[in-house]
Amino acid sequence: MSIKQLHTLEELEQYVQAPGKKLLFKHSTTCPISAKANTEFQAYVEGADTPAAVVLVIEDRPVSNEIAERFGIKHESPQIFLLEGGDVRWNTSHWKITREAITEAVNA
């Protein structure tokens, strides 16, 4: 499954409101920790049928800020969310973003 990149608040809204479980990853293109987390995220997505999207926190800052505000979860980067029914069911950040952790959260 491919990873959708969200650039606008409208794209974010449509993605969040779509039915079913989905992943949302906040990625900093300048951070080595985020690069490692992105590798784990991509490894999960390659073998899964869970919809996935990425927000580049520097390039698309308004979208990144809206995620923190909307869900009331302090911004971190890298950060991943499992969304369902318009709500966050699970989230984690930094070194805790692993293929195994994502698999566990999606299957819970």
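Keep in mind the model is a prediction, meaning the values are calculated, not measured.

Reading the values: the criteria
Within each chain, residues carry numbers counting from 1 in the order of the written sequence. Totals for whole chains, interfaces and linings use every residue, but because this is a predicted model, local features are given only for residues with pLDDT of at least 70 and side-chain atom pairs only at 80 or more, for both listing and counting. As a convention, hydrogens and water are excluded, and side-chain values are obtained from all of the structure's heavy atoms. At least two DSSP bridges between two strands are required for those strands to pair. Strands here are runs of E lasting at least two residues and helices are runs of H or I lasting at least four, both read from the DSSP assignment and numbered beginning at the N terminus. Interaxial angles span 0 to 180 degrees and are taken between N-to-C directions of axes, which are lines fitted to C-alpha atoms, for helices over the stretch in contact. It only takes one pair of heavy atoms within 4.5 Å for two residues to be counted as in contact. Summary of the burial criterion: residues with accessible area below 20% of their type's maximum are buried, those above 50% are exposed, and those between are partly exposed, where the area comes from a 1.4 Å probe applied to protein chains only. Here the arc refers to the directions that run from the helix axis out to each C-beta atom. Salt bridges, as used here, are contacts in which a Lys or Arg side-chain nitrogen is within 4 Å of a carboxyl oxygen on Asp or Glu. Here the term right-handed applies to a crossover when the path leading from its first strand over the helix to its second strand runs clockwise, the strands being oriented away from the viewer. What a helix should span is 1.5 Å times the count of its residues minus one.

Caption draft 1: Up close: the sheet that holds strand E3 (residues 52-56). The five strands are arranged E1-E3-E2-E4-E5 in an open sheet whose pairing can be described as mixed. The outermost strands of the open sheet, each flanked by one partner alone, are strand E1 (3-5) and strand E5 (87-93). Looking at each pair of strands side by side, their axes are set apart by 25° on average, direction ignored. Pairing geometry for strand E4 (residues 79-84) and E5, over six bridges, is antiparallel. Residue Glu84 lies in a different strand from E5, and its bridge partner there is Asp87. Sheet strands in contact with helix H1 (residues 9-17) are E1, strand E2 (22-27), E3 and E4, and its direction is about 145° off that of E2.

Caption draft 2: Inspection of helix H4 (residues 99-107) at higher detail. Those residues of H4 not exposed but buried are Ala101, Ile102, Ala105 and Val106. Summarising the axial view, the buried residues of H4 lie within an arc of 130°, below the 170-degree limit, and thus occupy one face. In H4, the exposed positions that point more than 90 degrees away from the buried face belong to Glu100, Glu104 and Asn107. On its buried face, H4 is in contact with E2, helix H2 (32-46), E4 and E5.

Caption draft 3: Broad picture of the pattern of salt bridges. What the rule picks out here adds up to three salt bridges. Residue Arg70 is joined to Glu13 by a salt bridge in which the shortest nitrogen-to-oxygen separation is 2.4 Å. In this pair, Arg70 sits in helix H3 (residues 61-71) while Glu13 sits in helix H1, placing the two residues 57 residues apart along the sequence. Between Arg89 and Glu84 there is a salt bridge, with its nearest N and O atoms 3.7 Å apart.

Caption draft 4: Layout of the pairing of E3. Of all five residues in E3, five are buried; the element is thus mostly enclosed. Side chains Ala52, Val54 and Leu56 of E3 all project onto a buried face; the interleaved residues Ala53 and Val55 project onto the opposite face, where all are buried too. As paired strands, E1 and E3 are joined by three bridges and run parallel to one another. Opposite Ile3, over in E3, you have Ala52 as the bridge partner. With five bridges joining them, E2 and E3 adopt parallel strand pairing. Considered in E3, the bridge of Leu23 is made with Ala52. Once the chain exits E2 it traverses H2 before rejoining the sheet at E3, and the crossover so formed is right-handed.

Caption draft 5: Highlighting H2. Taking 1.5 Å per residue as the helical rise, H2 with its 15 residues ought to reach 21 Å, and the 21 Å between its terminal C-alpha atoms agrees with that figure. Within the sequence span of H2, burial applies to Ser34, Ala37, Asn38, Glu40, Phe41, Tyr44 and Val45. The buried side chains of H2 occupy one side of the element, clustering within an arc of 165° when seen end-on. In H2, the exposed positions that point more than 90 degrees away from the buried face belong to Pro32, Thr39 and Glu46. Turning to H2, the residues buried within the fold contact E1, E2, E3, E4 and H4.

Any functional reading would require information that these geometric values do not contain.
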